[in-house]
Amino acid sequence: MEEHSGGLHQIKLLNRKSGTISGVVDVLSFDENEILLDTTEGRLIIKGKNLHVGRLQLKEGEVDMDGEVESLVYSSKGQKARNGSLLKHLFG
């Protein structure tokens, strides 16, 4: 897996409405109800309402998002980006 500068994974969330996530390897999908990210610490699923990805800088491994965050859930650290894209999982 490719390491990014500032590869530490960190979530800064302000009042469950806006935040910055670092250590992002890939953005697999996003819509107004869910953002699916591969991070240096595993797959991260963010669920909520009116979610929006405002700034995406994969070279730096950072994502800014806003909306009403209802949950943050990680899958196993072993299921990171090396498992492939979401489409491959769905149709592969």
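About the thresholds
- Residues numbered from 1 in each chain as written.
- Predicted model: local features only at pLDDT ≥ 70, side-chain atom pairs only at ≥ 80, totals over all residues.
- Heavy atoms only, no water.
- Helix = DSSP H or I, 4+ residues; strand = E, 2+ residues; numbered from the N terminus.
- Buried < 20%, exposed > 50% of the residue type's maximum accessible area, 1.4 Å probe, protein only.
- Contact = heavy atoms within 4.5 Å.
- pLDDT = per-residue confidence, 0-100.
- Core = buried A, V, L, I, M, F, W, Y, C linked by side-chain atoms within 4.5 Å.
- Pairing = 2+ DSSP bridges.
- Polar contact = N/O pair within 3.5 Å; in protein donor to acceptor, adjacent residues only side chain to side chain.

Student: So what's going on with the overall build of the protein? Which residues, and what values?
Tutor: A tally of helices and strands in the protein yields one helix and six strands. Each helix and strand of the protein, placed in order from N terminus to C terminus, yields the pattern β-β-β-β-β-β-α. The burial tally for the protein puts 30% of its 92 residues in the buried class. Here the contacts in the protein between residues at least 6 apart in sequence split such that 49% fall between residues at least 24 apart.

Student: Provide a residue-level description of the environment of Thr 40, including the pertinent values.
Tutor: Within the element layout of this structure, Thr 40 appears in the loop between β4 (34–39) and β5 (42–57). Thr 40 sits 14 residues away from Asp 26 along the chain, and the two C-alpha atoms are 9.6 Å apart.

Student: Break down the confidence of the model for the protein for me, with residues and values.
Tutor: Confidence in the prediction of the protein, expressed as mean pLDDT, is 84, and 75% of residues score 70 or more. Note that pLDDT drops below 50 for residues 1–6; the model gives that stretch twelve contacts with residues more than four away or on any other chain.

Student: Which residues make up the nonpolar core, and what are the values?
Tutor: Formed by Ile 21, Val 24, Val 27, Ile 35, Leu 37, Leu 44, Ile 46, Leu 51, Val 53, Val 63, Met 65 and Val 69, the largest nonpolar core amounts to twelve residues. Broken down by secondary-structure element, the contributors of at least two residues to this core are β3 (24–30), β4, β5 and β6 (62–74). The dominant element in this core, judged by the number of residues it contributes, is β5, at four residues. Ignoring any residue separated from it by four or fewer positions in sequence, one finds Leu 44 in contact with His 9, Ile 11, Ile 21, Ile 35, Leu 36, Leu 37, Thr 39, Leu 72, Val 73 and Tyr 74.

Student: Tell me about the pairing of strand β2 (residues 18–22), and name the residues and values.
Tutor: Relative to β2, strand β1 (residues 10–14) runs antiparallel, the two being bridged by five bridges. Across the sheet, Leu 14 pairs through a bridge with Ser 18, a residue of β2. Where β1 hands over to β2, the hairpin turn is made up of three residues, of which Asn 15 adopts a positive phi near 55°. Strand direction decides the pairing type here: β2 and β6, joined by five bridges, are antiparallel. Residue pairing for β6: Ser 18 is matched across the bridge by Asp 66.

Student: Can you explain the side chain of Ser 22? Please cite residues and give values.
Tutor: Here Ser 22 lies in strand β2. A polar contact is formed between the side chain of Ser 22 and the backbone oxygen of Leu 8, at a distance of 3.2 Å. Residues within four places of Ser 22 in sequence aside, it is in contact with Leu 8, His 9, Gln 10, Gly 61 and Glu 62.

Student: Describe unusual backbone geometry, naming the residues involved and giving the relevant values.
Tutor: Residues other than glycine seldom take positive phi values, yet Asn 15 does so here, at roughly 55°. Of note in this structure, Asn 50 is not a glycine but carries a positive phi near 55°.

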